[in-house]
Amino acid sequence: MTVNFEVADGVGTIRLDRPPMNALDIATQDRLRELAEEATRRDDVRAVVIWGGEKVFAAGADIKEMQVMDHAAMVVRSKALQDSFTAVARIPKPVVAAITGYALGGGCELALCADIRIAADNAKLGQPEILLGLIPGAGGTQRLARLVGPSKAKDLIFTGRQVKADEALTLGLVDRVVPAAEVYEQAHAWAARLAAGPALALRAAKESVDAGLETDIDTGLTIERNWFAGLFATEDRETGMRSFVEEGPGKAKFR
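We now turn to the structure provided with this report. Think of each chain on its own: its residues are numbered from 1, step by step along the sequence as written. pLDDT decides what is reported in this predicted model: residues at 70 or higher carry local features, side-chain atom pairs at 80 or more are listed and counted, and totals for whole chains, interfaces and linings draw on all residues regardless. Computation of side-chain values covers all heavy atoms of the structure but excludes hydrogens and water.

Things to note about the pairing of strand E2 (residues 11-16)
Accessibility here uses a 1.4 Å probe with only protein chains present; expressed as a share of the type maximum, an area under 20% marks a residue as buried, one over 50% as exposed, and anything in between as partly exposed. To qualify as a helix, a DSSP run of H or I must reach at least 4 residues; to qualify as a strand, a run of E must reach at least 2; elements of each kind are numbered from the N terminus. Buried residues dominate E2, accounting for five of its six residues. Across six bridges, the pairing between strand E1 (residues 3-8) and E2 is antiparallel. The partner of Phe5 across the bridge, within E2, is Ile14. The criterion for strand pairing is that DSSP finds at least two bridges linking the strands in question.

Below, the structure is given as structure tokens:
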């Protein structure tokens, strides 16, 4: 398999495994969608890490595979490509990308599907599709602009340049930069902490933020209000409030 999935203690790790550069060919894209849907379904998965291994996250699409495709073929394939990445973005649980080495093109777009990105100090990110006479096609023009703002996104997309980890942090493209040897450990720790949290409240928070960004403020507030009220019907809300009153904040044990 070009992508593997392991689950331990509530954390699912989606591991790209297509050496040497984890090029995202069609089989890998389809496998990502399958595993994202599995992570969504499984009750024992409460948070997710996307990981490319110690050397590289993903250096982009398989260019040789794309080179032989004509317009008609890509009209058909491009929807499936976007659907694969959208399935990752819509996992209704906390998702962290653990980035080492290159995260370029589709690799960068995959990282954009996570809720946060923890990068190695040797990481390089970018959207170099313009250098091929193309534009990002797996969500890069949309997710990147929403994350870092339109002008910064246009600079990266128009030039196709790669940015090192420190600049990526300044741009807001990644959220934390750590030594390369600690990337997976820190990403897993973040996921494990949230895996012990209130699952429905975390889902509500993620969907409220993500859906709210796609609409006007009044509609976003309605989404938030409905989720907020709905959580009063959950066991986790009862557990959290009872623990707060009896023991103080931050001591609740959620099931």
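Focus on empty space enclosed by the protein
Residues are called lining when one of their atoms sits within 4 Å of a cavity or pocket point, these points coming from a 1 Å grid over the protein atoms alone, where a cavity is a set in which a 1.4 Å probe fits but cannot get out and a pocket is an open set with protein on both sides within 12 Å along at least five of seven lines. Grid points are joined across faces, edges and corners, and a volume is the space filled by probe spheres set on the points. By the definition in use, this model includes one cavity of 30 Å³ or more. Here the largest cavity is characterised by a volume of approximately 80 Å³. The wall of the largest cavity is formed by Leu24, Ile26, Gln29, Ala61, Asp62, Glu65, Met66, Met69, Met74, Arg77 and Leu81. For the lining of the largest cavity, the secondary structure elements donating two or more residues are helix H1 (26-41), helix H2 (63-67) and helix H3 (71-89). Broken down by element, the lining of the largest cavity gets its largest block of residues, three residues, from H3. A breakdown of the residues in the lining of the largest cavity according to their chemical character gives seven nonpolar, one polar and three charged. In this classification, Asp, Glu, Lys and Arg are treated as charged, Ala, Val, Leu, Ile, Met, Phe, Trp, Tyr, Cys and Pro as nonpolar, and every other residue, Gly included, as polar.

Description of the pattern of salt bridges
A pair is scored as a salt bridge if a Lys or Arg side-chain nitrogen falls within 4 Å of a carboxyl oxygen belonging to Asp or Glu. Per the counting criterion, the structure on display carries 16 salt bridges. Notably, a salt bridge pairs Asp115 with Lys206, separated by 3.0 Å at the nearest N-O pair. Of this pair, Asp115 sits in the loop between helix H4 (106-112) and strand E6 (116-120) while Lys206 sits in helix H9 (residues 199-213), placing them 91 residues apart in sequence. Close ionic contact of Asp175 with Arg117 constitutes a salt bridge, the shortest N to O distance being 3.8 Å. One end of the pair, Asp175, is in the loop between helix H7 (165-171) and strand E9 (176-178); the other, Arg117, is in strand E6, and 58 residues separate them in sequence. Among the charged side chains, a network of salt bridges with common partners joins Asp30, Arg33, Glu37 and Arg77.

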